[in-house]
Amino acid sequence: MSGSSISYDPAHGGFGGAPKFPQPTYIEFLLTIRGSADADTKKVIDTAVRTTLDAMLVGGIRDHVGGGFHRYSVDQSWTVPHFEKMLYDQGQLLSVYAKAAAVYSDAEYQRTATEIAEYLAREMTGDEGAFFSAQDAEVDGKEGLNYLWLAGEIEAVLDADDAKFALDVYSFADGPNFRDPHHEDEPDRNVLRLADRPDNIAARMNLSVEAFHTRLDAINTKLLAARDKRKQPRLDDKVLTAWNGNAIAGLAVLGGVTGETKHIEAAKKAAAAIDASMRTPEGDLYRTARDGKAQIPAFFEDYAWLALAHVELHRALPDDTEYLARAIEIVERAEVLFGNPETGGYYDTLEGQTDLFVRAQSVYDGAIPSATSTFLNVLIDLSEITGNEHYAKQAARGLVRTSSHINRSPVGHINSVRALYRGLARDLPLAEAFENAGAVKPDQKEAAGGQQSVVEVFADTERIALKKDEPATFRVRLVIDKNYHVLAADLGPDAIEGLIPLRVGLTGGSGVSVFADYPKGEPYALAGLESELLVHAGEVEFDLVLERSGDLSGRPIVTLTYQACSDTECLEPVTVELDVAIDAD
């Protein structure tokens, strides 16, 4: 609990400062551990969860007129968002608001989740039922133009009484809250936000909650009709398997909580669309599609999220074994395609992909939980549902493989921490898995157990908001054990075949390029040879530059590959992922 609450903002809710992201994975974790917490801890959890969910549902990050949530808030108070809407945010927030509605018996949370589902149905669903990826933040190069309002525009749409009501509810009395810094000729406008929870506003107005929502819903219907006549943000109509799995899972959770079949039917239709259009002739998955044309073999995250989608559909429809069978099929195929049988870990990509420098194993939980942490939770789900100990053993092995990352940065791997908590609660065979992992030969140790003890890698930031046509720079630092050195990016003229130089790369997504200002190494004389290599010892720092090379897709993670050597041996090359979340701005 302490590791996840370090950055909690008690004044405004949420985790971390501006720009402020929803971080639904943190809330999911807190809701999970709440059930076994003592009274004092439960009180702390409830305060963090409810303050955060309340602040987001009243803030400008929520689209009060059209439903759904924008990407993040540029300020502490959730007022002014970056107006892009991402499918993966909707799916995760659907799930946590629905689960919180059940935990706290809170009708506002259920309403918020329902409005997300209605937004997806209205604006983000293709003809066959699959979901599109995103809506842009800009219209005609102007941030949020479609979503902003002047008081006169409200008054032009509504009659006098409703206009007065809307201007009061949406905080126009506080004055404009949005100024476009790039277009000074534009008037200051308002992002619509509430000053308080709707039930509290209703009490202030001497209205019942039902009467308040009935009137506000009618007003929002008129405002949305007027807004729809404006030029609309660009729609990214790609269909991504992973993101669809995310949204399907959220809809299934909402349907299970509310009992409303329309949400489950939407989830079923999307799952059927993915199953029909995103399968290769061999029965494996494709990653992406547009205009009905599927392409690119799926990544591990596509399998992980689609498996979760089918698990949640089974939970919502426990008498229908079709979705459980499909979840098991997806999991078993993912084990074959991406599993590392020696370590229990999972690769992000298929074996033999020629476009990748390394085959990374990413475990960092950023804007979207990692494929590994998602898959580990699915394995635990299947263990709970089926009672099959195979899934328990696989989950335990995966948790052992991830344990060093959890130990080093629990907050950065919070969904794996959630899986670990669930594994401990279910008495997974973790002790056996740790014992078996200890039997791995020393020369076969991977990054988690081998070289991380001799090389530590740090980044000077946890998150990058990457703008178009504006590179972003951050700094990395390597701290190297005194008995070892790391091979430099340029090994020098005496480079020996088979040694791996220092390299940066990307995994898990596209639309970003990374460049390094590699430092020059120091000469290192090779014993018994009249030659030398260039290496780094002690500590070394250098800058990495990120640039947008297209639309962001997936979850791009910067990787660093290095090989550490001593005077007597060179360890196996290692690729580590940097704990830096990359978001489109």
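Please read these numbers as outputs of a predicted model, since none were measured by experiment.

A. A look at the pattern of salt bridges. Scanning the model with the defined rule gives 46 salt bridges in all. Residues Arg111 and Asp217 are paired through a salt bridge, measuring 3.2 Å at the closest nitrogen-oxygen approach. Of this pair, Arg111 sits in helix H5 (residues 107-123) while Asp217 sits in helix H9 (residues 209-228); the two residues are 106 residues apart in sequence, bridging distant segments of the chain. Residue Arg111 is classed as partly exposed on the basis of its relative accessible area of 25%. Here Asp217 falls in the partly exposed class, since its relative accessible area comes to 30%. Of the charged contacts, one joins Arg326 and Asp275 as a salt bridge, the two residues approaching to 3.0 Å between their closest N and O atoms. With Arg326 in helix H13 (residues 322-338) and Asp275 in helix H11 (residues 261-277), the pair connects residues that are 51 residues apart, well separated along the chain. Note on Arg326: relative accessible area 10%, which makes it buried. Exposure remark for Asp275: the relative accessible area of 31% places this residue in the partly exposed category. If you follow the salt bridges from partner to partner, you end up with Arg50, Asp54, Asp106, Arg197 and Asp199 in one network.

B. Spatial organisation of helix H10 (residues 241-258). A rise of 1.5 Å per residue sets the reference length of H10, with its 18 residues, at 26 Å; its end C-alpha atoms lie 26 Å apart and thus fit the reference within 8%. Positioned one or two residues after H10, Gly259 has a phi angle of 75°, which is positive.

C. Structural context of the side chain of Glu335. Mapped onto the elements of the fold, Glu335 is located in helix H13. Buried Glu335, no salt bridge; nearest opposite-charge side chain is Arg397, N-O distance 6.8 Å. Ignoring sequence-local partners within four residues, the contact set of Glu335 consists of Tyr346, Phe375, Leu379 and Gln394.

D. The arrangement of the confidence of the model for the protein chain in detail. Overall, the prediction assigns the protein chain a mean pLDDT of 90, with 94% of residues at 70 or greater. Between residues 1-5, whose pLDDT stays under 50, and residues either more than four places distant or in other chains, the model counts 12 contacts. Every residue in residues 439-452 is under pLDDT 50, and counting partners more than four places away or in other chains gives 27 contacts.

E. Molecular detail of the packing of aromatic side chains. Counting across every chain of the model gives 15 aromatic pairs. With a centroid separation of 5.8 Å and 20° between ring planes, the pair formed by Phe69 and Tyr97 is classed as stacked. Taken together, the positions of Phe69 in the loop between helix H3 (39-58) and strand S1 (72-73) and Tyr97 in helix H4 (residues 87-104) put the pair 28 residues apart, joining distant regions of the chain. Both residues of the pair, Phe69 and Tyr97, belong to the buried class. The aromatic ring of Tyr119 is capped on one face by Lys85, whose charged end is 4.0 Å from the ring centroid. Positioned over the ring face of Trp149 is Arg230, at 4.1 Å from the centre of the ring.

F. Representation of the packing of helix H2 (residues 24-34) against H3 in the model. Orientation of H2 relative to H3, taken along the N-to-C sense of each, is 145°, at an axis distance of 10 Å. Two packed elements cross with a definite hand, and for H2 against H3 that hand is left-handed. Contacts between H2 and H3 involve Ile27, Leu30, Leu31, Ile33 and Arg34 from the former and Lys42, Ile45, Asp46, Ala48, Val49, Thr52, Leu53 and Met56 from the latter. Residue composition of the contact of H2 with H3, by class: 9 nonpolar, 1 polar and 3 charged.

Each value, and the rule that gives it
- Throughout this document, residue positions are counted from 1 along each chain, in the order its sequence is written.
- Predicted model: local features are reported for residues with pLDDT of at least 70 only, side-chain atom pairs are reported and counted for 80 or more only, and whole-chain, interface and lining totals are derived from all residues.
- The side-chain figures draw on all heavy atoms in the structure; neither hydrogens nor water molecules are used.
- A carboxyl oxygen of Asp or Glu within 4 Å of a side-chain nitrogen of Lys or Arg is what we treat as a salt bridge.
- Each helix corresponds to a stretch of at least 4 residues labelled H or I by DSSP, and each strand to a stretch of at least 2 residues labelled E; elements are numbered beginning at the N terminus.
- Throughout, exposure labels follow a simple rule: accessible area from a 1.4 Å probe, protein chains only, divided by the maximum for the residue type, with under 20% read as buried, over 50% as exposed, and the rest as partly exposed.
- Multiplying 1.5 Å by the helix residue count minus one yields the expected span of that helix.
- The convention is simple: Lys and Arg are positive, Asp and Glu are negative, and His and the chain ends are not counted.
- Residue contacts are counted whenever heavy atoms from the two residues lie within 4.5 Å of one another.
- The predictor rates its confidence in each residue with pLDDT, a number between 0 and 100.
- Only Phe, Tyr and Trp rings take part, Trp by its six-membered ring, and two of them pair if their centres are within 6.5 Å. Stacked means planes under 30 degrees apart, edge-to-face means over 60, and tilted covers everything else.
- Our definition puts a charge over a ring when NZ of Lys or CZ of Arg is within 6 Å of the ring centre and also within 35 degrees of the ring normal.
- Note on geometry: axes are lines fitted to C-alpha atoms, helical ones only across the stretch in contact, with angles between N-to-C directions running from 0 to 180 degrees.
- In a left-handed crossing the near helix is turned counterclockwise from the far helix by less than a right angle, and in a right-handed crossing that turn is clockwise.
- Residue polarity follows a fixed list, in which Ala, Val, Leu, Ile, Met, Phe, Trp, Tyr, Cys and Pro are nonpolar, Asp, Glu, Lys and Arg are charged, and the others, Gly among them, are polar.

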